[in-house]
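# Structure assessment
One-letter residues, chain by chain:
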Amino acid sequence: MGNKRKIISVVGARPNFMKVAPISRELGKYPDRYQQLIVHTGQHYDENMSKVFFDQLDIPMPNINLGVGAGKHGEQTGKIMIEFEKICLEEKPDLVLVYGDVNSTIAAALVSVKLGIRVAHVEAGLRSFDRSMPEEINRVLTDAISDYLFTPSPDGDENLIKEGVSKEKIYMVGNIMVDSLLFNKEKAAQLDVLSSLGLSAKKYAVLTLHRPGNVDNEENIKNIFAALEVISERIPIVFPVHPRTEKMMRKFKLNQTKGIKLISPLSYLEFLNLMMNCQFMLTDSGGIQEETTVLDIPCLTLRDTTERPITLSHGTNILVANDTDKIIKEAEKILDGNGKKGKHPDLWDGQTAQRIVEILTK
Ligand code: UD1
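So, here's what we can say about the structure. What you see is a predicted model; the values in this text were computed from it and never measured.

Here we take up the sheet that holds strand S9 (residues 237-240). Read across the sheet, six strands follow the order S10-S9-S8-S11-S12-S13 without closing on themselves; strand pairing throughout is parallel. Edge positions in the open sheet fall to strand S10 (260-263) and strand S13 (317-319), since each of these has one partner strand only. Between one strand and the next, the sheet's axes are offset by a mean angle of 20 degrees, whatever the strand orientation. Inspection of the sheet shows S9 paired to S10 by four bridges, in the parallel sense. Across the sheet, Ile237 pairs through a bridge with Ile260, a residue of S10. Lying over the sheet, helix H9 (residues 218-231) contacts strand S8 (205-208), S9, S10 and strand S11 (280-283), oriented at roughly 140 degrees with respect to S9.

Structure follows, in structure tokens:
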């Protein structure tokens, strides 16, 4: 064993899994230097929200699952903290790696830093400047207490510096999710997802929707669905439905909109295939704004802010909020052949995990 360093990666929700995969693969190249453990908080627990990602992305099964499940924010965050503290005391890691902006991220970072364990935040510095989003609170707080801040783009560095973070802690390493995307693109391209859904390439749009600000609010979700109904007269819309959204659609009786094909959440590779082949995306996800920029697919983001402004300035992304008319207008531009074209941001090249591990090694 000698002076091998022990690193714990903490993940919990679906968008964490494609971020830990490349890091775990890279750390795995240096078994004499690093011992890695993966802790799953259990924030997401359905097979199709969690296990299928570990299988497809070849992530080692979590060494530990905290099994916290769903709950109110305080309850979920608190449970993760109680359980993760026990793990830290037992395992005594040299470093804890946290990813993105979910409740599992802040919970694990807060526990670690108070035990004097160094914390690295992968995907640091992103800001929507909208503090009504739970993720924004998670981002601001996690960045304030982390020792290593790995940012995806220059705006991340700028935000951190404005908040008084010292420059020595900030490393622009590129976008970790793009590592997974480029690594898996060929594999995804070989699947046949479209025919079973009765779709042909470039002749459908894909929707994802799960932000509380959109789906928990009756007026907002209805505004979005009003636009979808109009758009779906010109192009079929496929909608893999997030569990939160499914509950709310039932509540607001929105589950029979014509022209929208409702399906269960997809695996990573199936979803990538669906995204690669669509004409455009409609989404309120953070990660999809980035993935569509790398795939050169126009993206209409159903939010009025984004913590990923480089997808607007460089990429294919446009903010349409939950404004019925704006959503329709931008979708029609795409349908008429005038979709937005973009460039790929620097360092979104599939080498981000390698850069992170090099920095940790130094
Ligand atoms: C969380 C993240 C969000 C991320 C999203 C991706 C926070 C604050 N939010 O939101 O940033 O974009 O994950 O999915 O961390 N549920 C299931 N099965 C599951 C997971 C969730 O049924 O496997 C249900 C829960 O019971 C709950 C709802 O979905 O009612 C929401 O789950 P939760 O983890 O609280 O937040 P997300 O909306 O998924």
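Having seen the model, we can carry on.
A word on the layout of surface pockets. Here the second largest pocket is characterised by a volume of approximately 260 Å³. In this structure, the second largest pocket is lined by 16 residues; those nearest its centre are Asp130, Met133, Gly213, Asn214 and Arg303. Counting residues per element, the ones that place at least two in the lining of the second largest pocket are helix H5 (134-145) and helix H8 (212-215). The element best represented in the lining of the second largest pocket is H8, accounting for three residues.

In the vicinity of the ligand there are 20 residues, among which His44, Tyr45, Glu135, Arg244 and Lys247 approach most closely. A distance of 2.6 Å is found between an oxygen atom of the ligand and a side-chain nitrogen or oxygen belonging to Glu135. Within the contact set of the ligand, an oxygen atom lies 2.9 Å away from a side-chain nitrogen or oxygen of His242. Against a free-state accessible area of 740 Å², the protein chains account for coverage of 89% of the ligand. The leading source of residues in the shell around the ligand is helix H10 (residues 243-251), at three residues. Tallied by class, the residues present in the shell around the ligand amount to seven nonpolar, eight polar and five charged.

Right, let's get into empty space enclosed by the protein. Scanning the entire structure with this criterion turns up one cavity of 30 Å³ or more. Within this model, the largest cavity holds a volume of roughly 60 Å³. Contributions of two or more residues to the lining of the largest cavity are made by strand S6 (148-151) and helix H15 (352-361).

Of all five residues in strand S4 (residues 95-99), five are buried, a share of seventy percent or more. Burial along S4 is two-sided: the residues Leu95, Leu97 and Tyr99 and Val96 and Val98 are all buried. Examined bridge by bridge, strand S1 (residues 5-11) and S4 share four bridges and lie parallel to one another. When the bridges of S4 are listed, Ile7 appears paired with Leu95. Taken together, the five bridges between S4 and strand S5 (residues 118-122) define a ladder with parallel strand orientation. By the bridge assignment for S5, Val98 is matched with His121. As a crossover connection, the stretch from S4 through helix H4 (residues 103-114) into S5 is right-handed.

Procedures and definitions
Residues numbered from 1 in each chain as written. Predicted model: local features only at pLDDT ≥ 70, side-chain atom pairs only at ≥ 80, totals over all residues. Heavy atoms only, no water. Pairing = 2+ DSSP bridges. Helix = DSSP H or I, 4+ residues; strand = E, 2+ residues; numbered from the N terminus. Axes fitted to C-alpha atoms, helices over the stretch in contact; angles between N-to-C directions. Contact = heavy atoms within 4.5 Å. 1 Å grid on protein atoms, 1.4 Å probe; cavity = no way out; pocket = protein on both sides within 12 Å on 5 of 7 lines; lining within 4 Å. Points joined across faces, edges and corners; volume = space filled by probe spheres on them. Near = heavy atom within 4 Å. Polar contact = N/O pair within 3.5 Å; in protein donor to acceptor, adjacent residues only side chain to side chain. Areas by Shrake-Rupley, 256 points an atom, 1.4 Å probe, with all protein chains shown as cover. Nonpolar A, V, L, I, M, F, W, Y, C, P; charged D, E, K, R; others polar. Buried < 20%, exposed > 50% of the residue type's maximum accessible area, 1.4 Å probe, protein only. Right-handed = clockwise from strand over helix to strand, strands pointing away.

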